[in-house]
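# A closer look at the structure
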Amino acid sequence: MLLDRNLHIRAIDTYIDPGVPRERAIITHGHADHARSGHGAVLATPDTIAIMKVRYGEDCAGRFQALDFGVPLAIDDVTITLYPAGHILGSAQVLVEHKGQRVVVTGDYKRLADRTAQQYELVECDLLVTEATFGLPVFQHPHPRTEIARLLKSVADQPERSHLVGCYALGKAQRVIALLRDAGWNKPIYLHGAMIRLCELYEDLGVALGDLRPATGAVKAEMAGQIVIAPPSAIRDRWSRRFPDPVTCQASGWMSVKQRARQALVELPLVISDHCDWGELGQTIQETGAETVWVTHGREDALVYWCKTQGLAAEPLNIQGFEDDGGEGAEE
Ligand SMILES: [Zn+2]
Ligand SMILES: [Zn+2]
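Basis of the calculations
- Residues numbered from 1 in each chain as written.
- Chains lettered and ligands numbered in written order.
- Predicted model: local features only at pLDDT ≥ 70, side-chain atom pairs only at ≥ 80, totals over all residues.
- Heavy atoms only, no water.
- Helix = DSSP H or I, 4+ residues; strand = E, 2+ residues; numbered from the N terminus.
- Buried < 20%, exposed > 50% of the residue type's maximum accessible area, 1.4 Å probe, protein only.
- Contact = heavy atoms within 4.5 Å.
- Donors = N, O, S within 2.8 Å, 3.2 Å for Na, K, Ca; no water.
- Tetrahedral: all angles 85-135°; square planar, octahedral: opposite > 155°, others 65-115°.
- Axes fitted to C-alpha atoms, helices over the stretch in contact; angles between N-to-C directions.
- Parallel < 35°, antiparallel > 145°, perpendicular 65-115°, else oblique.
- Nonpolar A, V, L, I, M, F, W, Y, C, P; charged D, E, K, R; others polar.
- Pairing = 2+ DSSP bridges.

## Overview of the environment of F69
Mapping F69 onto the fold places it in the loop between β5 (61–66) and β6 (73–75). Relative accessible area serves as the criterion here: at 25%, F69 is assigned to the partly exposed category. Residues contacting F69, with those up to four places away along its chain left out, are T45, L82, Y83, P84, G90, S91, A92 and Q118.

## Thoughts on the coordination of the zinc ion (ligand 1)
On the protein side, the zinc ion (ligand 1) has H29 (NE2), H31 (ND1), H87 (NE2) and D108 (OD) as donor atoms, found 2.2 Å from it. Between the 4 donor atoms coordinating the zinc ion (ligand 1), the angles at the centre fall across 89 to 164°, so the site counts as irregular. Counting along the primary sequence, the residues that act as donors to the zinc ion (ligand 1) give the motif H-x1-H-x55-H-x20-D. Taken as an interatomic distance, the gap from the zinc ion (ligand 1) to the zinc ion (ligand 2) is 3.4 Å; D108 donates to each of them. Pair noted here: H29 is in the loop between β3 (24–26) and β4 (39–44) and D108 is in the loop between β9 (101–105) and β10 (127–132), with a separation of 79 residues, a long-range link. Of the two residues examined, H29 and D108, each falls in the buried class.

## Structural notes on the packing of helix α2 (residues 144–157) against helix α3 (residues 172–182)
Look at α2 against α3: their axes get within 10 Å of each other, and the N-to-C directions meet at 75°. Judged by the angle between their axes, α2 and α3 are roughly perpendicular. Contacts from P144, I148, L151 and L152 in α2 reach R175, V176, L179 and L180 in α3. Considering only residue class, the contact of α2 with α3 consists of 7 nonpolar, no polar and 1 charged.

## Structural notes on the sheet that holds strand β18 (residues 313–316)
Strands sit in the order β6-β7-β8-β9-β10-β17-β18 across an open sheet of 7 strands; the sheet is mixed. Lying at the two open borders of the sheet, with one neighbouring strand each, are β6 and β18. Ignoring strand direction, the axes of neighbouring strands in this sheet form an average angle of 20°. Of the pairings in the sheet, the one linking strand β17 (residues 292–298) to β18 comprises 4 bridges and is parallel in character.

If you want it as structure tokens, here you go:
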């Protein structure tokens, strides 16, 4: 096999998103369950490299090689090409080609348009390694516009309160801000300190986010009717007491699970996902034309079963250390 079940490309001794430091790694995107520090050499998109340097430091890998989307890179007799995954800025699917065989590792992906990430592109292949974060039929994500409309209605209905929106700092925060801007929210958006560097980086990389201000130091009385973006943990701790009668909100694909929203003490859950839902996973598997599917990174079993009903060879990959889109402390 060109690729083994640890996402190791044997012919060039290179791992995709390895969970431990490796001599050579291809990194699909900047979330911590995919991008770790300490690799010898990292191959990734320019945006992913910029994100890794901001999060982990300039010297978080021995060396970096940037590869733009759609540009084939030949290494010995293997060719690597990165294609947009639509998940967060810079996020890539990895196409590995060898003697006519095509393998695609999706990383995390979503297909819905999102101006804070390069638009997902379908890549045909023989073997598809797909994530399955929301790999159960119960997951059918609503359109994010309707979720943002619910947030803005709540703001309009309760002008005496501030709205604190819990978002993971990389990807979700910038997407929620962009969705608010595109829905016409032109007032300043206030940021918890943990959000500032990555929002600045997105702006530097060409994603316009409008008037952003630090929430720390804001005058309490002036925060009525305002929207604040903060890490999910901050909206529940004493940090939130600086705002008038805050409405706790959280943006995550997991907010469709009412028990999770209740446990997180979220008054206004917003179902905004940066992953495919069940229907999109099945659609993608069919459209790639893959005859073999490896399912990783989430609810593998239901998707493996579905693939088999479609006449495809499928199996779960049990790669350790993946939990995504909003477990406490996990990535979104
Ligand atoms: Zn991710
Ligand atoms: Zn992930």
